Each structure stands twice: as structure tokens, then as C-alpha cells.
Amino acid sequence: MRGRIFGIVFTVMLLFASVALAHHSPSAIFEMSKHISVTGTLTKIDWINPHIVIAMEAKGEGGQIDHWTFESNPPSWYRSVGLGRADFAKAVGQTVTVEGVRAKDGSLYGYMQKIKMPDGTSLELINSGEAK
Amino acid sequence: MRKVLFALVGSAALFSWIAQAQQTGSASNKRGVTAHPDLSGVWTYAIDRAPSALKKEVAGTVTIQAIDQSARHGNATSVHGVLPSTPKPSYKPAYQAKVKELSDHESKLDPVFYCGKPGIPRIGPPRKIVQLPTETIFFYEDISGDPYRIIPTDGRPHRVNANPSHYGDSVGKWEGDVFVVDVRNFVEDTWFGEDGYMHSSEMRVIERLWKNGENLVWQATVEDPVVLTAPWVMPPRLIKPSMEPLEESPK
């Protein structure tokens with residue numbers, strides 16, 4: 001059973017994470033198989049439990065400014081891998097690219113799995129198998 | 001004459017205290033304010049945190065920063081003082097199908113999947129312990145919030161009128177160098193393990209904590225005469241000291 005848990009480790013985390021705000025079925029929130037990439041200006045970083053939240057503005061297909069919100073792992077998780085709020089906050093006002101999965105309802109909401117910072121540094125959440 | 005006697009008794013008590021302090025003053029066996037081993041401190045996070053690593057790429061150089069999950073998944077069965085344990089609890093036949101159903105539909109039925117409170121013992125060992133003369137406080141970091149437990153150690157019984165809760169009603173005592181916490185009066189909402197381990201309101205959990213060198217050992221026993229055939233002694237966990245403070249999460 002433990003193996004099964006580890007086997008779906010990333011998915012599980014997404015499920016945990018995805019329901020934190022709404023507290024309802026995770027499958028109702030994110031389209032897990034549909035990955036998105038959004039490039040825009042980082043406008044805000046909330047370092048809060050149960051998930052950090054990133055806000056950004058990106059130019060939409062119609063030329064309008066879209067206001068995206070991404071949640072990600074808890075602050076304690078990021079702390080465990082050596083990252084703090086300042087590591088993200090330093091990019092506020094600058095261009096970043098966020099990759100993740102989008103809310104199933106089509107809203108401008110997603111779960112951040114990877115971010116590319118203005119200096120080219122990329123930070124990606126991976127599972128234990130990928131780490132080996 | 002009486003004053004002389006008091007002075008003699010007082011001196012003897014002081015020398016005895018000093019001798020004891022000298023014997024127990026090493027870092028690995030430090031005594032706390034209660035003359036028991038001092039469990040106070042910050043301990044490694046012991047809840048599953050997935051994904052388990054961060055991949056960082058800077059100018060083409062990739063580094064992997066994995067999370068230390070030894071406090072959750074390390075093997076501590078050979079540590080001195082642990083009780084013989086089994087990997088799984090033994091449910092009465094009448095409840096086995098129910099447990100399987102819960103386990104099979106974990107992602108839909110597990111309250112923790114929905115950021116619910118894991119309860120005791122599922123939340124595992126505390127992240128921080130503050131040991132005081134008449135009470136010990138456990139602090140936790142959890143995705144459902146950051147609960148704490150105030151555990152009386154002054155010999156008082158369980159509260160009679162306490163409401164059932166996710167973290168129950170705790171009283172603590174020392175058995176030698178082992179801190180034993182008796183927890184009861186739970187709500188039935190929690191699972192005591194991620195494999196559908198449901199329980200009744202009769203569940204009682206005994207947590208045992210002690211030092212192993214600089215590390216902390218935590219082992220829990222789940223008793224539930226309604227659903228289990230016998231108490232389940234969980235595998236022990238060996239938790240290393242941590243330098244990471246609890247997250248304050250300011251907004």
C-alpha cells in the first residue's frame with residue numbers, strides 16, 4: 001500500500017493541494033492531464049498555508065490582460081527544499097513562466113508545477129522517482 | 001538544634017541534586033525541568049510531503065533537492081526500547097469490507113485528501129515539543145492547519161466533560177525515561193492510517209516518546225475494542241533534531 005502511495009505521489013499531492021481552497025472533490029478543480037504554460041508578469045506572492053499562491057498578469061489571446069492565480073505546495077515544503085518567500089518575491093514585477101495544470105472550470109486558476117524565473121533559473125516540483 | 005537539622009537536610013538535598021545534574025547533563029541525555037529526559041526541541045517534519053524533491057536548474061546546471069522523509073519512512077524497528085510492531089492493524093471480520101472500500105476509494109473518501117485533520121496518531125510525532133514541569137506541549141505543522149496539544153503531566157485524569165475532537169483528550173506520564181501519552185475521546189471522522197483505517201469513538205491511542213541519543217523515538221499503539229481484534233502497535237519512527245523553525249506563514 002505504501003508503494004501505491006509513493007507510486008501516485010505527485011498526483012496525490014496535487015489532489016491534496018487542489019482541494020485546499022475549495023474543500024471539494026479534486027477532480028472538480030484541475031484538469032490533471034492538461035498542462036499549461038503561462039508567461040507574464042509576477043504581481044504577488046502569498047506565503048501562506050496550506051499553499052503558497054502566486055498571482056501574475058499575462059497577455060491573453062485577444063490582447064487583453066489576464067489575471068492568473070496559481071497555487072502550489074505549502075510554505076513548509078518549499079522551506080524543506082531551501083526556498084523562501086524572498087526567492088519568489090524578488091521576481092515581482094518581472095517576467096516569469098509558470099507551468100502547471102489548469103482549473104477544470106476554465107478559470108484563470110492553476111496549480112504551479114514549475115516556474116522559470118527572470119534570471120533563467122527554473123524550479124520544478126518532481127517526485128522521488130524522477131530525483132534518482 | 002532544629003536549625004542545624006534543617007541545614008543538614010538541606011545540604012544533603014542540594015548535594016544530591018547537584019550529583020544528579022552532573023550525571024545527567026550530557027547533551028545526549030539532557031534532563032529537563034521535570035528531572036525526566038528533556039524531549040523539548042524542534043524535530044524533523046514527519047508527514048508525507050509530495051512531490052518529494054525540487055529540481056533546480058541554473059545556467060544549465062541541474063541540482064535535485066530531495067526532502068528528508070526519514071522521520072516518516074525510516075526503519076526504526078531496531079532502536080532500543082521499541083515494542084514489537086506489525087505493519088497493519090487487524091480488523092474484526094465485520095469491518096474488513098468497510099476498510100477495503102475506504103482504502104479502494106481513498107482519493108474520494110479520505111478526509112485528509114480534502115485537507116481534513118489527520119488526528120492522532122496519523123499526524124505522527126510533533127514538530128516541536130515544549131516540556132514544562134506540569135505539562136508538555138506538542139506543536140505540529142500540517143496542511144490542515146497547525147494544531148497543538150497541551151498534555152497535562154501533573155497526574156490529573158482525563159477531562160470528564162470534554163467534547164470529542166480530532167486530537168482527543170490527552171494526559172501524559174513518565175514510565176522510566178519514556179513519556180507516555182494516553183489519548184482518548186475522539187470523533188469518528190478521522191482515519192488512523194491512510195489505508196482506510198476507520199475507528200469507533202472508543203478508540204484510544206497510547207503514544208510513547210523517548211530519546212535515542214540525540215534523536216527522538218515515537219511509537220503509537222491504537223486500541224479500539226469495537227473494530228480491532230487486538231491493539232495495533234505501529235512501527236516506530238526515529239526523528240532527527242531539526243534546525244528548521246516552524247513555519248509562521250505570514251501573509
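Residues numbered from 1 in each chain as written. Chains lettered and ligands numbered in written order. Predicted model: local features only at pLDDT ≥ 70, side-chain atom pairs only at ≥ 80, totals over all residues.

Draft legend 1. Spotlight on the overall build of chain A. A tally of helices and strands in chain A yields five helices and six strands. Tracing chain A from N to C terminus, the helices and strands come up as α-α-β-β-β-α-α-β-β-β-α. Expressed as a percentage of its 132 residues, the buried residues of chain A come to 35%. (Helix = DSSP H or I, 4+ residues; strand = E, 2+ residues; numbered from the N terminus. Buried ≥ 20, exposed ≤ 12 C-beta atoms within 10 Å, placed from the backbone.)

Draft legend 2. Quick look at the overall build of chain B. A count of helical and extended segments in chain B gives four helices and 12 strands. Within chain B, the fraction of its 251 residues that count as buried is 34%.

Draft legend 3. Quick peek at the pairing of strand E3 (residues 65-71) of chain A. All names here are of chain A. Where strand E2 (residues 53-59) meets E3, seven bridges bridge the pair, whose relative direction is antiparallel. Bridging from a neighbouring strand, methionine 56 pairs with tryptophan 68 of E3. Hairpin geometry of E2 and E3 is characterised by an intervening segment of five residues between the two adjacent antiparallel strands and by a positive phi of about 90° at glycine 63. The sheet contact formed by E3 and strand E5 (residues 109-116) spans three bridges and is parallel. The partner of threonine 69 across the bridge, within E5, is tyrosine 109. (Pairing = 2+ DSSP bridges.)

Draft legend 4. How the structure looks around the sheet that holds strand E6 (residues 148-152) of chain B. Residues and elements named next belong to chain B. The strand order across the open sheet formed by four strands is E1-E4-E5-E6, and the pairing between neighbours is antiparallel. Two strands lie at the open edges of the sheet, namely strand E1 (41-42) and E6, each paired on one side alone. Where strand E4 (residues 128-131) and strand E5 (residues 135-139) come together, four bridges link them in antiparallel fashion. The residue bridging lysine 128 from the neighbouring strand is phenylalanine 139, located in E5.

Draft legend 5. Local environment of the environment of alanine 86 of chain A. Take alanine 86 of chain A: it is sitting in helix H4 (residues 85-89). Residues alanine 86 of chain A and tryptophan 47 of chain A, 39 residues apart in the sequence, show an inter-C-alpha distance of 9.6 Å.

Draft legend 6. Main features of the environment of glycine 196 of chain B. Residue and element names in this part refer to chain B. On the secondary structure map, glycine 196 appears in the loop between strand E8 (178-184) and strand E9 (204-212). Taking the C-alpha atoms as reference, glycine 196 lies 7.6 Å from glutamate 101; in sequence the two are 95 residues apart. In this structure, glycine 196 is in contact with Val99, Lys100, Leu102, Ser103, Glu106 and Trp191, ignoring residues within four places of it in sequence. (Contact = placed C-beta atoms within 7 Å.)

Draft legend 7. Structural context of the pairing of strand E1 (residues 30-46) of chain A. All names here are of chain A. As defined by bridge partners, E1 adjoins strand E4 (residues 95-103) across eight bridges and the pair is classed as antiparallel. Bridge pairing in E4 places glycine 40 opposite valine 96. Alignment of E1 against E2, held across five bridges, turns out to be antiparallel. Pairing of aspartate 46 across the sheet is with valine 53, part of E2. Connecting E1 to the antiparallel partner E2 that follows it, the hairpin turn spans six residues.

Draft legend 8. Representation of helix H3 (residues 93-104) of chain B. An ideal rise of 1.5 Å per residue puts 16 Å on 12 residues; H3 of chain B measures up with 17 Å between its terminal C-alpha atoms. Burial analysis of H3 of chain B places just zero of its 12 residues in the buried class, which makes it a mostly uncovered element. (Expected span 1.5 Å × (residues − 1).)

Draft legend 9. How the structure looks around the nonpolar core. Residue and element names in this part refer to chain B. Val205, Leu209, Leu216, Val217, Val222 and Ile239 are the most contacted members of the largest nonpolar core, which has 36 residues in total. Those elements giving two or more residues to this core turn out to be E8, E9, strand E10 (215-223) and strand E12 (237-239). At five residues, the largest contribution of residues to this core is made by E10. (Core = buried A, V, L, I, M, F, W, Y, C linked by C-beta atoms within 7 Å.)

Draft legend 10. Highlighting unusual backbone geometry. Residues and elements named next belong to chain B. In this model, isoleucine 120 is joined to proline 121 through a cis peptide bond whose omega is 5°. Summarising the element assignment, proline 121 is placed in the loop between helix H4 (106-109) and E4. One non-glycine residue, alanine 59, lies in the positive phi region at around 50°. Summarising the element assignment, alanine 59 is placed in the loop between strand E2 (53-58) and strand E3 (61-66).

Draft legend 11. Main features of the confidence of the model for chain A. Looking at chain A as a whole, its pLDDT mean stands at 79, while 75% of the residues score no less than 70. Considering only residues more than four positions removed or in separate chains, one finds that residues 1-26 of chain A, a stretch of pLDDT under 50, has 47 contacts. (pLDDT = per-residue confidence, 0-100.)

Draft legend 12. Summary view of the environment of isoleucine 137 of chain B. Mapped onto the secondary structure, isoleucine 137 of chain B falls in strand E5. Measuring from C-alpha to C-alpha, the distance between isoleucine 137 of chain B and isoleucine 150 of chain B comes to 4.6 Å, with 13 residues separating the pair along the chain.

Draft legend 13. The arrangement of the confidence of the model for chain B in detail. All names here are of chain B. Overall, the prediction assigns chain B a mean pLDDT of 85, with 84% of residues at 70 or greater. Under a pLDDT of 50 for its full length, residues 1-28 has, in the predicted model, five contacts with residues more than four places off or in other chains. Scoring of the predicted complex yields 0.74 for pTM and 0.78 for ipTM.

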